[in-house]
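Residues per chain, in single letters:
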Amino acid sequence: MTTETVINFENVTKVYRIYKNKPTTLKEKVINFLLRRNKLETIEMNVLKDVSYSIYKGETVGIIGRNGAGKSTSLKLIAKIINPDSGTITVKGSVSSLLEIGAGFQPDLTGKENVYLYGSILGLPKKYIRDHYEEIVEFSELNNFMNTPVKNYSSGMYMRLAFSVAIHVDPDILLLDEVLAVGDANFQKKCMNKLKEIQAKGKTIVFVSHDMSSVKNLCDRIIYIGENGEIEFGEPDFLINRYYAQLYGNQANIVIQDQSEIDHSSESLYIAHTSAHYNIKESIWGNREVSLNKFYFSNAEGYVSNIFQHKQDIVMNIELKAHHSLQKLVIGIALYDENNNLLSGPNSKNDGIVLDEIDDSRFIKVLIKEPPLLNGKFYVTLAIYDYDCIEPFIHMEKCFELMVVNERNELGIVGLECDWLV
Ligand SMILES: Nc1ncnc2c1ncn2[C@@H]1O[C@H](COP(=O)(O)OP(=O)(O)OP(=O)(O)O)[C@@H](O)[C@H]1O
């Protein structure tokens, strides 16, 4: 990947206008005319707001966000199917786009006729289509349906054929909207492999999807379109978590921010991601010779977040303060599901680790490696004990909470990895 910009958005704003009282029948038109109600009322929908970003040659960028956030609109702007209301968009190189199922297809024409039609819409010369026709059909696996009118195709079949044509254009930039959502698992895998081949050739791909595992698998960077049409552009894991936080945030006490926003001067108190148990007298005990200055979860890259994906590393960031010199402290944690079932209760002593000496503030981290948790809210206990694990300095029972989001459709609390030897 280079840093040569191939797509540049500069202060781009897109507003859609919907007519509130547009007459749809002749009768309505006549009544409006007679009543002199000629003025159409419009509602303005600001989909993208003053958006600026640069996409580099050879990178794969995913666009994510909730339904109606403006993902497809962004692709249509890059493809120049629509124009922005303000701002400028520069695109360098040839573009092939696969934006809507069946767009560019004529329902009454056969699969074969549509390959020629869609290929020419995408700018392929007739001879090129003829020379590559067999390859296109073979990739789509629709050999037996090429003489059938596409109006009799399923949406998956439409997408197979359109995807096959679009990838044979060999463009500099490929724009894809939810292509992996239709099609069966085998075809999705085949598309994924094809996209990896296209990536390896140094092409630029911009990819809209709700499937975060494909986004994670394919994308170098992500554009996340938030609630109000503003975007964030950056590292996939963090922005996927931000998206999940927007989707599921009301189900857990979600805090998500950059670590640099935390005041690390030792006396400041920063305790995030607390559960309903925090502060309840029965949930916190100990001789209080140690107190907690800071606590927050983060991902391995250091982004503060208590929403995690399945098997994503969870880091507990903890700052303790000892009120006098203490030796050989043991750190313990425990993980509970939402129904208070204890899932695991590891402690540092069992792993051969103790906090040798602490006489003031000390920052420690506990990394929970690739936890196989499925979906849901989980409670975490943090406890600091003496070497014999009898005297608690501080014990905070289920005082913190995190959420795990998993797109695997599985029942249970943990996901077991299986090899199916059939
Ligand atoms: N031609 C149009 N005229 C009016 N409003 C439109 C038009 N196209 C899109 N919109 C509106 O703009 C908003 C963004 O649409 P867009 O299709 O870009 O969303 P999206 O993020 O791709 O959503 P989804 O995940 O549902 O596909 C939506 O509220 C949609 O209703």
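Residues numbered from 1 in each chain as written. Predicted model: local features only at pLDDT ≥ 70, side-chain atom pairs only at ≥ 80, totals over all residues. Heavy atoms only, no water.

Student: I tried to follow the sheet that holds strand β2 (residues 42-56) on my own but got confused; where do I start?
Tutor: Strand-to-strand pairing in sheets goes through backbone hydrogen bonds, with the strands running parallel or antiparallel. Strand order in this open sheet of three strands is β2-β1-β4, and the pairing throughout is antiparallel. Each edge of the open sheet is held by one strand with a lone partner, namely β2 and β4 (86-91). The mean angle between the axes of side-by-side strands here comes to 25 degrees, regardless of whether they run parallel or antiparallel. Two elements, strand β1 (residues 5-19) and β4, share five bridges in a ladder whose sense is antiparallel. Residue glutamate 10 lies in a different strand from β4, and its bridge partner there is threonine 88. Along the sheet, helix α2 (residues 71-78) contacts β1, β2 and β4; its crossing angle with β1, the most-contacted strand, is approximately 120 degrees. (Pairing = 2+ DSSP bridges. Helix = DSSP H or I, 4+ residues; strand = E, 2+ residues; numbered from the N terminus. Axes fitted to C-alpha atoms, helices over the stretch in contact; angles between N-to-C directions. Contact = heavy atoms within 4.5 Å.)

Student: When you look at unusual backbone geometry in this model, what are you seeing that I'm missing?
Tutor: With glycine set apart, most residues show a phi of negative sign, and most peptide bonds adopt trans. A positive phi angle, near 50 degrees, is found at aspartate 50, a position not held by glycine. Its location among the elements puts aspartate 50 in strand β2. Take aspartate 50: its relative accessible area is 49%, and that puts it in the partly exposed class. Backbone geometry places asparagine 340, a non-glycine residue, at a positive phi of 70 degrees. Along the polypeptide, asparagine 340 turns up in the loop between β17 (326-337) and β18 (342-344). Here asparagine 340 falls in the partly exposed class, since its relative accessible area comes to 39%. (Buried < 20%, exposed > 50% of the residue type's maximum accessible area, 1.4 Å probe, protein only.)

Note that all results are geometric; they support no functional claim without further evidence.
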